[in-house]
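Each chain, letter by letter, is given below.
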Amino acid sequence: MANQIEPPEVIEVQRVQVACDGGDDAMGHPRVYLNMGDKGFVECPYCDRRFVLKEGADASAGH
């Protein structure tokens, strides 16, 4: 079994669609829009932040 690397940051959100720009520090990157689909989480392909749907949030809620 392979070791899984933990994401640098986990952010709980209320919506399945999120935007990430990496923040204001050296981790900054172009803004990307991500969709969790049915998984309940999504990871940014640039900075590896993990966005997790907050417990009790409406998974069908969009922008």
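Before any of the text, the structure's been laid out above.
Residues numbered from 1 in each chain as written. Predicted model: local features only at pLDDT ≥ 70, side-chain atom pairs only at ≥ 80, totals over all residues. Heavy atoms only, no water.

1. Things to note about the environment of Pro8
Thinking step 1. Examined against the element boundaries, Pro8 turns out to sit in the segment before strand E1 (10–13).
Thinking step 2. For Pro8 and Cys47, which are 39 residues apart along the polypeptide, the C-alpha to C-alpha distance reads 8.0 Å.
Thinking step 3. Contact partners of Pro8, with chain neighbours within four places excluded, come to Cys47, Asp48 and Arg49. (Helix = DSSP H or I, 4+ residues; strand = E, 2+ residues; numbered from the N terminus. Contact = heavy atoms within 4.5 Å.)

2. Comments concerning the sheet that holds strand E5 (residues 50–53)
Thinking step 1. Across the sheet, 3 strands lie side by side as E1-E5-E4; this open sheet has mixed pairing. Strands at the two margins of the open sheet, each flanked by one partner only, are E1 and strand E4 (41–43). In this sheet, neighbouring strand axes are inclined to one another by 20° on average, regardless of whether the strands run parallel or antiparallel. (Pairing = 2+ DSSP bridges. Axes fitted to C-alpha atoms, helices over the stretch in contact; angles between N-to-C directions.)

3. Details of the pattern of salt bridges
When their charged atoms lie close together, side chains carrying opposite charge are able to pair.
Thinking step 1. Under the definition given, this model contains 3 salt bridges.
Thinking step 2. Residue Arg49 pairs with Glu9 through a salt bridge whose shortest N-O separation is 2.8 Å. With a gap of 40 residues between them, Arg49 in the loop between E4 and E5 and Glu9 in the segment before E1 connect regions that are remote in the sequence.
Thinking step 3. With its nearest N and O atoms 2.5 Å apart, the salt bridge here joins Glu43 to Arg50.
Thinking step 4. For Arg50, a relative accessible area of 19% gives the class buried. (Salt bridge = Lys/Arg side-chain N within 4 Å of Asp/Glu carboxyl O. Buried < 20%, exposed > 50% of the residue type's maximum accessible area, 1.4 Å probe, protein only.)

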